[in-house]
Amino acid sequence: MARPIKQRKILSPYSEVSFFPAGKNNSNDINNIIFFAEEYEAIKLIDYEGLNQFQAAKLMRISRPTFTRIYKQARIKISTSLVEKKVLILSGVNIYYSDDWHKCQNCECIYNFIDKSKNIFCPLCKCGDYIKIVNP
Amino acid sequence: MKAIAVKEDNINSLLEDCFGKAKYYCFVDDNPDKIAFALNPGYDLIKSSGKQAVAYLLTKGVTTVLSRNYGVSVKKILNKHNIQTVIIPQKYESLTQILEKMRHKT
């Protein structure tokens, strides 16, 4: 039996869940591309942050060859989306976050919680109505 | 005290997308009507602008930072100093909208 897929560490959640080509807004299209959170993180760490693959793999707590596979898959999906004008839907599978992240149900901002001895409330609107973010 | 990453040093400023690359920070205390702006000392640096920014914000006594995106090294330093991180959703575009949300507590 194959070994279960190891969970990938994601630094911080993202507030947006899809990317649409201009003029296209059908999020239920069968041709949409599912872009996994680990692929998004791989692109962010390498192309946006400028880390090398070894550093990025270490941050995501996975091996360097696994990281390379994820990164390659991410680039294929992005190029397909650009060329074929397909919608990218972000989705989280087999991931965990580095902090305890919460999403405010009122203002929709995402925040981590430092002082665990106090009650959790949103730093923006001060409401205590939140959901704990497990997957995007 | 909270620090919000903004593009300009006025109340009509747009929010900056990346925390470390923000030109200015808007400081807000408990009263959202009393705000102050400060230049990010590392905004024109190609590298480590976020680290410089956090070091500066620590001297100002900031306990919460608000931005749309945080870099890896910045996030590490913020966690090390127990500074709360807030990710602002794209629906908020300007500083005015954020201050308005702070005023109207639910």
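The paragraphs below set out a description of the structure included in this document. Since we're looking at a predicted model, the values are computed, not measured. (Residues numbered from 1 in each chain as written. Chains lettered and ligands numbered in written order. Predicted model: local features only at pLDDT ≥ 70, side-chain atom pairs only at ≥ 80, totals over all residues.)

Turning to the sheet that holds strand 2 (residues 18-19) of chain A, a few remarks are in order. Residue and element names in this part refer to chain A. On the basis of which strands lie adjacent, the open sheet formed by three strands has the order 2-4-3 and mixed pairing. The strands lining the two open edges of the sheet, one partner per strand, are strand 2 and strand 3 (33-36). Together, strand 3 and strand 4 (88-91) form the strand contacts of helix 1 (residues 37-48), whose direction differs from that of strand 3 by roughly 65°. (Pairing = 2+ DSSP bridges. Helix = DSSP H or I, 4+ residues; strand = E, 2+ residues; numbered from the N terminus. Contact = placed C-beta atoms within 7 Å. Axes fitted to C-alpha atoms, helices over the stretch in contact; angles between N-to-C directions.)

All names here are of chain A. One can describe the packing of helix 1 onto helix 3 (residues 64-84) by two numbers: an axis separation of 8 Å at closest approach and a directional angle of 95°. Here helix 1 lies roughly perpendicular to helix 3, going by the angle between them. Seen from helix 1, the contacting residues are Glu38, Glu39, Ala42, Ile43 and Ile46; seen from helix 3, they are Phe67, Ile70, Tyr71, Gln73, Ala74 and Lys77. (Parallel < 35°, antiparallel > 145°, perpendicular 65-115°, else oblique.)

This part is about the interface of chain A and chain B. Every contact between the two is made by 21 residues of chain A and, on the other side, 20 residues of chain B. Considering every element that reaches the side of chain A that touches chain B, the biggest residue donor is strand 7 (residues 110-112) of chain A, with three residues. Residue classes in the side of chain A that touches chain B are distributed as 13 nonpolar, four polar and four charged. Where strand 7 of chain A lies against strand 5 (residues 84-87) of chain B, two bridges are found, and the strand directions are antiparallel. Counted as the bridge partner of Ile110(A) is Ile87(B) from strand 5 of chain B. (Nonpolar A, V, L, I, M, F, W, Y, C, P; charged D, E, K, R; others polar.)

Taken together, the eight strands give an open sheet; going across it, the order is 8(A)-6(A)-7(A)-5(B)-4(B)-1(B)-2(B)-3(B), and neighbouring strands pair in mixed fashion. For this open sheet the edge positions go to strand 8 (130-132) of chain A together with strand 3 (35-39) of chain B, each flanked by a neighbour on one side alone. Taking the axes of each pair of neighbouring strands and ignoring which way they run, one obtains an average angle of 25° across the sheet. Both strand 1 (residues 2-6) of chain B and strand 2 (residues 24-28) of chain B contribute to a ladder of five bridges, which runs antiparallel. Its bridge partner being in strand 2 of chain B, Ala5(B) is matched across the sheet by Tyr25(B). Docked against the sheet, helix 3 (residues 95-103) of chain B engages strand 1, strand 2 and strand 4 (64-67) of chain B, running at close to 155° with respect to strand 1 of chain B.

Our next topic: helix 1 (residues 49-59) of chain B. All names here are of chain B. Along helix 1, the positions that sit buried rather than exposed are Ser49, Gly50, Ala53, Val54 and Leu57. Burial along helix 1 is one-sided: seen end-on, the buried residues are contained in an arc of 130°. Lining the buried residues of helix 1 we find strand 1, strand 2, strand 4 and helix 2 (72-80). One or two residues past the end of helix 1 sits glycine 61, with phi positive at roughly 75°. (Buried ≥ 20, exposed ≤ 12 C-beta atoms within 10 Å, placed from the backbone. Arc of directions from axis to C-beta.)

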